[in-house]
Amino acid sequence: MGQRVAPEGITACLFDLDGVLTSTAAQHMAAWKQTFDAFLREHERERFRPFTETDYVEYVDGRPRADGVRQFLASRGITLPEGGHDDPPTADTVYGVGNRKNDALLKIIQEHGVTPYPGSVRYLEAVRDAGLAVAVVTSSENGASVLDAAGLSRFVQARIDGLVINRQKLRGKPEPDSFLAGAKALGANPAQAAVFEDALAGVQAGRAGGFGWVVGVDRTHHADELRAHGADIVVSDLAEILEGVTP
Ligand SMILES: O=P(O)(O)OC[C@H]1O[C@@H](O)[C@H](O)[C@@H](O)[C@@H]1O
């Protein structure tokens, strides 16, 4: 057994990926901004208002891709036909816009690579040494490749990603379904599992699922909002937990 990494009774850790383990949240935000700004320029014309970080946090962050498209466009009074998962990125459908964003994301990732947060790697090592089970629970359909590119797959016993969510028809965050599936895959009940999340929709999902410990990871100075949406504690880096500040 290694050092104490979580409160008594926690046997499983469920990590969100983008923004918690890897710095890819900023890359997602950049890809969404590129996509939505081009879309809005065309649709709002002289009434054009750019996609902001606040829009990202409120309507897109942490949610499955198509939910992000729907939620944000609804906030601007725009409804698109649904289309289908294989729509070309040129299609003005929910899935077409989502696929446009995915092309932009893959280009950004190819250019800049994927970096794990050093504090998160330290925490994953400590969790492994303490004998706790690890799942990654991400809305991203790119979850497996991002984990591999970051060199983090070796820590992970179960992965619930956007592809699994689609296949099993799970409701996306802020609903708790994907985290519940992660806990189940590790043989833990919610009270025995900790959730680590940087997105408001994610901590909300952790609270809704009745998980034993919900840790908000604040990379963008919105600690109060993370608490208000259900985080038990908020850290700015996972290594802070090892420094004894919390459990
Ligand atoms: O488009 P992807 O890779 O399937 O990701 C879906 C969502 O995954 C989440 O992890 C990100 O926080 C969101 O920004 C992103 O939109």
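Scroll up a little and you will see the structure.
Everything numeric here is computed off the predicted structure, so don't read it as measured data.

Caption draft 1: Layout of the nonpolar core. Ranked by size, the top nonpolar core spans 38 residues in total, and within it V5, F15, L21, Y123, F196, W213 and L238 carry the most contacts. Ranked by residues supplied to this core, first place goes to helix 5 (residues 118–129) with 5 residues. Judged by nonpolar contacts, the second largest core, of 26 residues, contains A158, F179, F211 and V234.

Caption draft 2: Molecular detail of the site of the ligand. Residues in close proximity to the ligand total 15 residues, the closest being Y56, R65, S140, E141 and N142. Within the side chain of W32, one N or O atom sits 2.9 Å away from an oxygen atom of the ligand. For the ligand, an oxygen atom lies 2.5 Å from a polar atom in the side chain of Y56. When the ligand sits alone it has 390 Å² of accessible area, and the protein chains cover 99% of it. A molecule is said to occupy a pocket when more than half its atoms come within 2 Å of that pocket's grid points, and by this definition the ligand occupies the largest cavity. Mapped onto the shell around the ligand, the elements with two or more residues apiece are helix 1 (25–44) and helix 4 (94–112). Here the shell around the ligand is built from residues that sort into 3 nonpolar, 6 polar and 6 charged.

Caption draft 3: Structural detail: empty space enclosed by the protein. Under the defined criterion, the tally for this structure stands at 1 cavity of 30 Å³ or more. Along the wall of the largest cavity there are 20 residues; nearest its centre are D18, H28, R63, S139 and S140. Secondary-structure elements contributing two or more residues to the lining of the largest cavity are helix 1 and helix 2 (53–60). The class makeup of the residues in the lining of the largest cavity is 5 nonpolar, 6 polar and 9 charged. Per-domain counts for the lining of the largest cavity show at least three residues from each of domain 1 (12–23 + 116–242) and domain 2 (26–112).

Caption draft 4: Representation of the side chain of T22. Relative to the helices and strands, T22 resides in the loop between strand 1 (12–15) and helix 1. Note on T22: relative accessible area 0%, which makes it buried. A polar contact of 2.6 Å, which involves the side chain of T22, links it to the side chain of T24. Setting aside anything within four residues of it in sequence, one finds T22 in contact with L17, V114, T115, P116, Y117, V146, A150 and L152.

Calculation criteria
- Residues numbered from 1 in each chain as written.
- Predicted model: local features only at pLDDT ≥ 70, side-chain atom pairs only at ≥ 80, totals over all residues.
- Heavy atoms only, no water.
- Core = buried A, V, L, I, M, F, W, Y, C linked by side-chain atoms within 4.5 Å.
- Buried < 20%, exposed > 50% of the residue type's maximum accessible area, 1.4 Å probe, protein only.
- Helix = DSSP H or I, 4+ residues; strand = E, 2+ residues; numbered from the N terminus.
- Near = heavy atom within 4 Å.
- Polar contact = N/O pair within 3.5 Å; in protein donor to acceptor, adjacent residues only side chain to side chain.
- Areas by Shrake-Rupley, 256 points an atom, 1.4 Å probe, with all protein chains shown as cover.
- 1 Å grid on protein atoms, 1.4 Å probe; cavity = no way out; pocket = protein on both sides within 12 Å on 5 of 7 lines; lining within 4 Å.
- Sits in = over half its atoms within 2 Å of the grid points.
- Nonpolar A, V, L, I, M, F, W, Y, C, P; charged D, E, K, R; others polar.
- Points joined across faces, edges and corners; volume = space filled by probe spheres on them.
- Domains from an automatic or database assignment.
- Contact = heavy atoms within 4.5 Å.

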